[in-house]
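# Structure at a glance
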Amino acid sequence: MKVRFKLNGKFVMLDLPGVERLIDLLRERLDLVGTKEGCGKGECGACTVLLDGKPVCSCLMLASQIAGHEIVTIEGVAADNRYAHILNAFEETGAVQCGYCSPGMIVSAAALLARNRHPSDNEIKRALAGNLCRCTGYSKIIEAVSRAAERVAQERK
Amino acid sequence: MAKENPQGNKFNVIGKASPRVDAIDKVTGRARYGADHSRTGQLYGAVLNSPYPHAIIKSINTERARALDGIRAVLTHADIPGAKSFGGIVPHQMVLCSGKVRYVGDAVAIVAAETPELADKAIELIEVEYSPCPVVSDPEQALSPSSPLVHEDGNLCAHHKVRKGDIETGFKNSDFVIEHEYTTQKVEHAYIEPEAVLAEPGENGGVTITGSVQNLYSIRRAVASVLNLPLNRVRVIQATLGGSFGGKDEAMSAICCRAALLALTTGRPVKMVNTREQSMRESYKRHPYKMRYKVGVSNDGILQAMEIKIIADAGAYAATSQFVTWRSVVQATGPYVVPHVKTDIYAAYTNNCYTGAMRGFGSPQICFAVESLMDELAAQLGLDPFEMRLRNTLKDGSITATGQKLTHRVTLDEALRNVTSAGGFKAKWLANREQDSASPIKKGIGISCSYRGVSLGAEGADAAGVGISLQTDGSAVVTCGLVDMGQGAATTISLVVAEELGLSSDKIVFLNADTTVMPDSGPTVASRTSFMAGNAARVGSTILKDRIAPVAADMLKCKASALVFCHDFISAGSSRITLAQLAAECFRRGISLSAHGWYKSPKTTWREEDGTGDAYFTFVYGANLAEVEVDIHTGRVIVTKFISCHDVGKVLNINGAKGQVYGGVAMGMGYALLEAYAEEDGQPKLGNFDEYLLPTICDMPQTEVIFLEGDDPLGPYGAKALGEPANEIAAPAIANAVANATGRRVRELPLTLERVLLGKNLIPGRERGSAMAKGAES
């Protein structure tokens, strides 16, 4: 099945088997290995990507479902200057430890900040509730996302 | 070694909030973890696990699997060229089982295929005939003479004891004696990255393994002996690790041996990646303990005697059980002076999933028991828990349960004072006991404290190396035999080198560990990395500096003693050169810019006969405080505030140190309230995070971190340890807070809704969650 979609800002045309998971397409065929697999059933959020701007678990989607849609992975987020504040804030605050959950966390945070420029701590928690982290205890992650939001707000002034 | 910089006794980088050296790779997604490594032409490996926890293998037929197109190898125990089993202490863990299977994570056969789907299909076609044996699932029963045997030489895996004073005299001297049993559950490390490995046949007839490995050298020993290869032909490279917490040792040895076997058989690279379900089924867990404490105390609240008997479930294989239980026996009395002690700990083999190292290494269990007990004693005596502890805590010069005199500064009371005064403990603790009975929400506050031996102690050889290679442009490559598994070792070691050589930390690239680069530095465990590798980094930096300083002195026409290395410059008075200029000049003169630092720990002693000795060369001290709200209609516990104080000796990187504490508290909270790896007759009752519940971002309380800097004379800049202390006392602080709120003591972890509400756990149905869904499918 030939499928056309937008991936990290560029149009892609690919021949897809019907049963391939989106995460496998990204990691195994397109070498976008920044997207991680932690549980394979939508519990941990390590595989989060943006589907038309909304965070989704790529382990729960079939690749064929993205026909005509736009996918942004952590590689796309990292290359997009609009998200630089999030990456920097994660780096500076110490929100990254082993880093395995970080791509998913950052993608979820990017989706949040795109729709809510001044999230409260509770809104940050709700937006990241689907992303498990075993290292950080989450404190620094909340700090990173609110620091990124502040910087974006300052820049817009 | 450099003690000061030109500004006086302040450090340039040590103690500051430094970003991690690996953060940029991790936030951009370009860091490569185990499963992110692939090679052209690679095959995919898969494992056939035993469906039975205990059974004799009567026959294995691989014919149908072999006949499948695209299958390149189907291997059983008969295909192993070397040792059939491995293990650091008892080498009996089977790579592929022959005579019998001992738990459901045991492997019987492995397959390499052109695609993962084909590999799975082949696994289904392997026919194994089993004759099931009686399942040993209770460690206490396992030790009775009538129990079926898991291993031929008996079910006793380990027994350690500590004898101090005379226990009978101790009870005679006591005004009253209390006796309670505490139990802790089996928990999973739950690193978010499941185990992954890529094994490639090497040009030299050996094998190169890249993967999620925590302890490279023990894995290399296992692979070499299984494949009958010399150590130099087995190269183990650590991929960026997605968490480990003690968990990627024996579990990785098993998967590495299997992948290497497949790679050498097929002559092609073989990749093996565990699903979460496989990881849960196969990988070892934290030991569940059953702990009986009989404690005598005099009317003034002074501990007189402790008689302790602990039974640990080792599961199917020994792994590190002997060492885990040894740490428990040393620390079992908690951080208190007890004149008369009799402790026995036993680990028993069962057909449950095996248990081994997990953050804490035998301490979270005993901390839960002792710290609950101290509160129970306080209640009996009419003292508050803080006062009760202060009367008994270890102080400067105290003698521990193993007869060790503490010669360093003991900061336990200071840690306790810090958390209780920051949390307003006493007033809240008293007020909570008189709460309005109309409201279903009850508030509680609780404290806990611990002492913990740093590094391996009398377990065995304790030394580590760091390699430093200065480049002619003033940048440097640093590597170490210990790994960064997320805890921040790469950053800490880089900061030490930066401090010593006057380098900016962003001029350093830290390489993941590789067995062909660094000598065996032992395992990355026991919160030993900052201490051991930090000291090794100082040694290496000093060797290098002593070699290049005379050249700098020559270039600056001054004495070497007048040189100051700082901010990538070397200065003497008003003249200076860059580190790059110096490095280039050294290269021109043929002076080596590479150095290797090696550090061996100070001496420890141990007498196994009576459990006495200087078990650890130094100790760390800490105290925790938790505030909770308990809904007495549902049993739900919410942790509302947490304060954690630790004497770390010296903070090396404040970002990293705080991160260790926040993460340790979260893991301790999971242990206290949520997590339990359930098994029934040796069969796992859950397999993924839908049922194994981890704390989420919504569960975390506001957490305050207080560091004490006791300045240890042995540690790098005085630093000691933090990773495990940060985790071990969170659960008892929460349990004590719950008891303060409800007036009822729960002596079993985790504090589930039912335990808090009814005082007992309800037994869940046989099939539920993912297992039930699977049943419905078929």
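Residues numbered from 1 in each chain as written. Chains lettered and ligands numbered in written order. Predicted model: local features only at pLDDT ≥ 70, side-chain atom pairs only at ≥ 80, totals over all residues.

All names here are of chain B. Looking at the element boundaries, S455 is found in the loop between β18 (441-453) and β19 (463-470). Sequence-wise, S455 and S530 are 75 residues apart; in three dimensions their C-alpha atoms are separated by 9.8 Å. Apart from the residues within four sequence positions on either side, S455 is in contact with D462, A526, R528, F531, M532 and S601. (Helix = DSSP H or I, 4+ residues; strand = E, 2+ residues; numbered from the N terminus. Contact = placed C-beta atoms within 7 Å.)

Before going further, it helps to examine the interface of chain B and chain A. Taken together, the contact between chain B and chain A spans 43 residues of the former and 38 residues of the latter. At the level of secondary structure, the elements contributing two or more residues to the side of chain B that touches chain A comprise α1 (23-28) and α17 (654-673) of chain B. Looking at which element gives the most residues to the side of chain B that touches chain A, the answer is α17(B), with eight residues. Counted by class, the side of chain B that touches chain A contains 19 nonpolar, 15 polar and nine charged residues. (Nonpolar A, V, L, I, M, F, W, Y, C, P; charged D, E, K, R; others polar.)

Residue and element names in this part refer to chain B. Strand order in the open sheet formed by four strands is β21-β20-β19-β25, with mixed pairing between adjacent strands. Edge positions in the sheet fall to β21 (508-511) and β25 (594-600), since each of these pairs with one other strand and no more. Neighbour to neighbour, the strand axes of the sheet diverge by 20 degrees on average, direction disregarded. Running at roughly 140 degrees to β25, helix α15 (residues 529-556) makes contact with β19, β20 (476-480) and β25 of the sheet. (Pairing = 2+ DSSP bridges. Axes fitted to C-alpha atoms, helices over the stretch in contact; angles between N-to-C directions.)

Moving on: the sheet that holds β18(B). Residue and element names in this part refer to chain B. A sheet is described by the order of its strands in space; here four strands give the open sequence β18-β26-β27-β30, paired in mixed fashion. The open sheet has two free edges, formed respectively by β18 and β30 (702-708), since each of these has just one partner strand. Looking at each pair of strands side by side, their axes are set apart by 15 degrees on average, direction ignored. Sheet analysis places strand β26 (residues 619-631) next to strand β27 (residues 636-647), joined by 11 bridges and oriented antiparallel. Each bridged residue has a counterpart across the sheet, and for V630 the counterpart in β27 is V637. Strand contacts of helix α12 (residues 412-423): β18, β26, β27 and β30, with the helix running at about 25 degrees to β26, the strand carrying the most contacts. Along the sheet face, α17 touches β27 and β30 and points at about 140 degrees away from the line of β27.

Here we come to the packing of helix α9 (residues 321-331) of chain B against helix α10 (residues 363-381) of chain B. Helix-helix packing is described using two parameters, namely the angle between the two axes and the distance between the axes. Residue and element names in this part refer to chain B. At a closest axis distance of 9 Å, the pairing of α9 and α10 adopts a crossing angle of 30 degrees. When the axis of α9 is compared with that of α10, the two are roughly parallel. Of the two possible hands of crossing, α9 and α10 adopt the one that is right-handed. Contacts between α9 and α10 pair R327, S328 and Q331 from the former with S363, Q365 and I366 from the latter. (Parallel < 35°, antiparallel > 145°, perpendicular 65-115°, else oblique. Left-handed = near helix turned anticlockwise from the far one by under 90°.)

Moving on: the domain arrangement of chain B. Residues and elements named next belong to chain B. Taken as a whole, chain B is organised into domain 1 (23-31 + 463-600), domain 2 (34-133 + 193-282) and domain 3 (405-453 + 617-778). Between the C-alpha centres of domain 1 and domain 3 there is a distance of 38 Å. With 12 residues of domain 1 at the contact, the number on the domain 3 side is 13 residues. For the side of domain 1 that touches domain 3, the elements supplying multiple residues, two or more each, are α14 (489-501) and α15. The leading source of residues in the side of domain 1 that touches domain 3 is α15, at five residues. Grouping the constituent residues of the side of domain 1 that touches domain 3 by class yields three nonpolar, eight polar and one charged. (Domains from an automatic or database assignment.)

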